Amino acid sequence: MSYIRKLFLSVLLTLATGVVSAQAETPPPLPPAMKHLANDATMKALWRHEATTVNTADMADAAMRILFALSYHVAGCHGPDAVVIPISITSTTTTKDGFGTIKSQETDTFEKVLKVRPEFAQLARKTVRYYSDNVNNRRFVAVRDLISQDRCDGPRLRHLEEGLAKAAGVSLPAAAAVDTTLGADWRGFVMDCMAATVPDVINNELNGARVCNAAEAALVELGNPDWYAAFRSQGLSAWSTLSEADQARYTTLFDSIFRNPEGPIHKRGEAFVAEAGLF
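Here goes a summary of the coordinates provided.

Reading the values: rules and limits
- Residues numbered from 1 in each chain as written.
- Predicted model: local features only at pLDDT ≥ 70, side-chain atom pairs only at ≥ 80, totals over all residues.
- Heavy atoms only, no water.
- Helix = DSSP H or I, 4+ residues; strand = E, 2+ residues; numbered from the N terminus.
- Buried < 20%, exposed > 50% of the residue type's maximum accessible area, 1.4 Å probe, protein only.
- Polar contact = N/O pair within 3.5 Å; in protein donor to acceptor, adjacent residues only side chain to side chain.
- Phe/Tyr/Trp six-rings, centres within 6.5 Å; stacked < 30°, edge-to-face > 60°.
- 1 Å grid on protein atoms, 1.4 Å probe; cavity = no way out; pocket = protein on both sides within 12 Å on 5 of 7 lines; lining within 4 Å.
- Points joined across faces, edges and corners; volume = space filled by probe spheres on them.
- Nonpolar A, V, L, I, M, F, W, Y, C, P; charged D, E, K, R; others polar.
- Expected span 1.5 Å × (residues − 1).
- Contact = heavy atoms within 4.5 Å.

### A few points about the side chain of Asp-40
Part 1 of the argument: Among the secondary structure elements, Asp-40 is positioned in the loop between α1 (3–11) and α2 (41–47).
Part 2 of the argument: On the basis of relative accessible area, Asp-40 is assigned to the buried category, the value being 15%.
Part 3 of the argument: A polar atom in the side chain of Asp-40 sits 2.8 Å from the side chain of Arg-139.

If you want it as structure tokens, here you go:
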């Protein structure tokens, strides 16, 4: 058994199941909120920026699910200058007798609105017939949860929007400047570390979040931006790229943080898993 595997088995109390070779992934792995879409080729194409047109019913559906989530979420990710797209939904209820003969029909019209970035207005009008307010749809749920975990200015949501923009043939305005100070985007670190770690090293998202949260704090304290970037993109397998002495430094610090249930980092991590619904 490798030393790194023994380490994780000891530190994480059998949470780790193995180690993969350190590899930076391009494009970035699906974030935890979207992991249930691993077999959804259309959503993965948008995430990977591989889609260059919205020319199929499935792609149009995916685009509208994303736009609806951006409009629906209380965070208001459509922005302050959103374009309002009016939508009318007509529903017909038919009553039949026991022989299948129609006795009556009643038609109702419901007025809805979809708020989108100005850059997405043309796409929204093109795909409006695929509008659905089904909040249990898997694609909608993925984007909604991504917004909840990452907020409107998060790098993962931006990455997805840019993939949608490429498919729509438009460009988004420049993103706001990102604070690159170590620890400034700790939530983003935990999300990326989880995506790269689960299930390769840890087969449970809850434990992955807790371990990545402690790892982030340890790496901030160690103050090496290269290590921080490596663990963020490669997950816990980045440990194997450190020298033996640096592995020991990191492990000692990580262990002191991870095993302190009263510490602020532990409490930060528990708040994160609660917000993300990782129970």
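That shown, we press on.
### Let's talk about the packing of aromatic side chains
Part 1 of the argument: Counted by the stated rule, this structure contains 9 aromatic pairs.
Part 2 of the argument: Geometrically, the ring pair formed by Phe-189 and Tyr-228 is tilted, given 4.7 Å between the ring centres and 45 degrees between the ring planes. Of this pair, Phe-189 sits in helix α7 (residues 186–197) while Tyr-228 sits in helix α9 (residues 225–234), placing them 39 residues apart in sequence.
Part 3 of the argument: Its relative accessible area of 0% is what places Phe-189 among the buried residues.
Part 4 of the argument: Residue Tyr-228 is classed as buried on the basis of its relative accessible area, which comes to 7%.
Part 5 of the argument: One aromatic cluster in this structure is built from Phe-68, Tyr-72, Tyr-131 and Phe-140.

### A short note on empty space enclosed by the protein
Part 1 of the argument: Tallied over the entire structure, the rule returns 2 cavities of 30 Å³ or more.
Part 2 of the argument: In this structure, the second largest cavity encloses a volume near 30 Å³.
Part 3 of the argument: Broken down by secondary-structure element, the contributors of at least two residues to the lining of the second largest cavity are α3 (57–72) and β2 (102–116).
Part 4 of the argument: The residue makeup of the lining of the second largest cavity, split by class, is 5 nonpolar, 1 polar and 3 charged.

### Describing helix α8 (residues 205–222)
Part 1 of the argument: Taking 1.5 Å as the rise per residue, α8 with 18 residues should run 26 Å; its terminal C-alpha atoms sit 25 Å apart, in good agreement.
Part 2 of the argument: A side-chain oxygen of the first residue of α8 lies 2.9 Å from the backbone nitrogen of Leu-206; this N-cap is Asn-204.

### Looking at the side chain of Glu-216
Part 1 of the argument: Summarising the element assignment, Glu-216 is placed in helix α8.
Part 2 of the argument: Here the side chain of Glu-216 touches Arg-268 through a polar contact of 2.9 Å, side chain to side chain.
Part 3 of the argument: Once residues within four sequence positions are removed from consideration, Glu-216 is found in contact with Gly-183, Trp-186, Phe-189, Tyr-228 and Arg-268.

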